[in-house]
Amino acid sequence: MPTLNLDCIAEVLRHRTLTDTDLARACLVSRAVFPLASSVLYRDLAMRFSDNGAYTDDGRLLCAIEARESHKVQALLDSDRLRPLVRRVEIAFDSLERDRSLRYDEPEYLLDEIVKACPNLDDIGADGGAWFPEMADVVVEHDRRLRAIRGLKLCDGSWEMLAEQPTLKRLSIVRHEHDRSDRDVPKPPEVELPFELEQLVVEGAPARFKPTILEPIFASSAHTIRTLELDFNASTPPDLSRFTALRSLHLRVDCKRKRDGSVIGRDNPDRVAAALVNALRPISHLPLDSLAITHDDTHTRLHELFIHPYFPSLIPPTLTKLTIQAVLTVADLEHFFAACSARITRLGHGTENRDSASGVDPWLAQRGIKGETAIGELSLGMSLRSWRAIHGLVRSLGL
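As the structure is a computational prediction, the values presented were derived from the model and not from experiment.

Rules behind the numbers
Residues numbered from 1 in each chain as written. Predicted model: local features only at pLDDT ≥ 70, side-chain atom pairs only at ≥ 80, totals over all residues. Heavy atoms only, no water. Helix = DSSP H or I, 4+ residues; strand = E, 2+ residues; numbered from the N terminus. Buried < 20%, exposed > 50% of the residue type's maximum accessible area, 1.4 Å probe, protein only. Contact = heavy atoms within 4.5 Å. Areas by Shrake-Rupley, 256 points an atom, 1.4 Å probe, with all protein chains shown as cover. Salt bridge = Lys/Arg side-chain N within 4 Å of Asp/Glu carboxyl O. Arc of directions from axis to C-beta.

**Q** Explain the overall build of the protein chain to me, please; I cannot follow it from the model alone.
**A** Scanning the protein chain from terminus to terminus reveals 14 helices and 15 strands. Within the protein chain, the proportion of its 399 residues that are buried is 48%. For the protein chain, long-range pairs separated by at least 24 residues make up 68% of all intrachain contacts whose partners lie at least 6 apart in sequence. Surface exposure of the protein chain reaches about 20,300 Å², of which carbon and sulfur atoms provide 50%.

This is the structure in structure tokens:
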């Protein structure tokens, strides 16, 4: 009977398209596959609670959680063998389907039990703005040293937690429109933060943050950050000259907000392009691999940036991947690549360019440049191949 290499099986099991049910079934394949599948199954612990919880008489907040997720948490809390497998925990609040089997738990209590019981936990996060102050409290209380914090909100306890994280390498901070105003955000500490980040994502700044709030993080890590993602506003452009170790930069352009975060409508595209060019000048001498400039609203126009006469000269010669969310033409591409010294192999552009009449993708293909508009189909193809791989694995093992 043919056999499969365990390294190959482990690679298939690590694919993100697999669900908990898939991994649980894989645990039953054989004694050799069980440790591989169980390590992936319990490595990441995601808990999705109902967004309409109710308080009890003693003030505790109880929220619905799918029973299968609750059972998974209880199983690992009861097992000395499973607890060390947990490396990452994530909290989310969302609407749950009514036909699902649900239980009611206290998110704060459940998270406290997990952080307390799992000695190798080094990654904690919140999805969709779900961060609450007690998340920082339990990290400090149980003296956890983290390598990653995702979806952090700068609220009560946040700075105290950050001040106790010398091993922190990846940090994601969010601030939404409905969050508290700047005057309610706790002031940053006067002491130097102990970590040196490699990756920083800040969503909601600078339009919704005062620049001084993030200064302690920049002061500790500007010289070590390799991957940086920031919101960009023409009124408050970031100082990129501080980030001397950058390899990947992503600016999300927000042209609709004043410094205080209020909406002002469509900004002048030429003004935005000029502000971006001025802000990007320091990156021209950095060994960047990837640069992305995108937006998430219909008001923003980045075509003026791409055709700006100084933009090609700002692209570092080391750059291989460029993404700019703009409607481009073949004439735009010819002008840009004639003036750009970088050997770009992947170009992301606006989805409007997918119309074959534009000629953009054929022009790129002729020059050996992969158009990012094809990434959707490519990712889907990879997912289908992975699903075929796991199905073939299950069949070959007799499941």
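Picking up where we left off.
**Q** Please explain the environment of leucine 291 as it appears in this structure.
**A** Inspection of the secondary structure assignment puts leucine 291 in strand S12 (residues 290-295). For the pair leucine 291 and leucine 249, spaced 42 residues apart in sequence, the C-alpha separation works out to 5.0 Å. With sequence-adjacent residues up to four places away left out, leucine 291 is seen in contact with Leu249, Leu280, Ile283, Ile315, Leu319, Lys321, Leu322 and Thr323.

**Q** Explain the pattern of salt bridges to me, please; I cannot follow it from the model alone.
**A** Taken as a whole and judged by the stated rule, the model has ten salt bridges. Residue arginine 87 is joined to aspartate 122 by a salt bridge in which the shortest nitrogen-to-oxygen separation is 2.7 Å. In this pair, arginine 87 sits in the loop between helix H4 (67-77) and strand S4 (88-94) while aspartate 122 sits in the loop between helix H5 (107-117) and strand S6 (123-127), placing the two residues 35 residues apart along the sequence. The partly exposed category is assigned to arginine 87, whose relative accessible area is 38%. Linked by salt bridges that have partners in common, Arg88, Glu90, Asp123 and Arg150 make up one network.

**Q** Teacher, can you tell me more about unusual backbone geometry here?
**A** Backbone geometry follows two general trends: most residues other than glycine have a negative phi, and most peptide bonds adopt the trans configuration. Phi at aspartate 143 takes a positive value of approximately 55 degrees, unusual for a residue other than glycine. On the secondary structure map, aspartate 143 appears in the loop between helix H6 (133-141) and strand S7 (148-152).

**Q** Help me understand helix H12 (residues 330-339) in this model?
**A** Owing to its 3.6 residues per turn, the α-helix brings residues three or four apart onto one side. Taken together, the buried positions of H12 are Asp332, Leu333, Phe336 and Phe337. Down the axis of H12, the buried side of the element spans an arc of 115 degrees, and every buried residue falls inside it. The inward-facing, buried residues of H12 abut helix H10 (303-306), helix H11 (311-314), strand S13 (321-324), strand S14 (346-348) and helix H13 (360-366).

Everything listed here is a matter of coordinates, which is why it stays silent on function.
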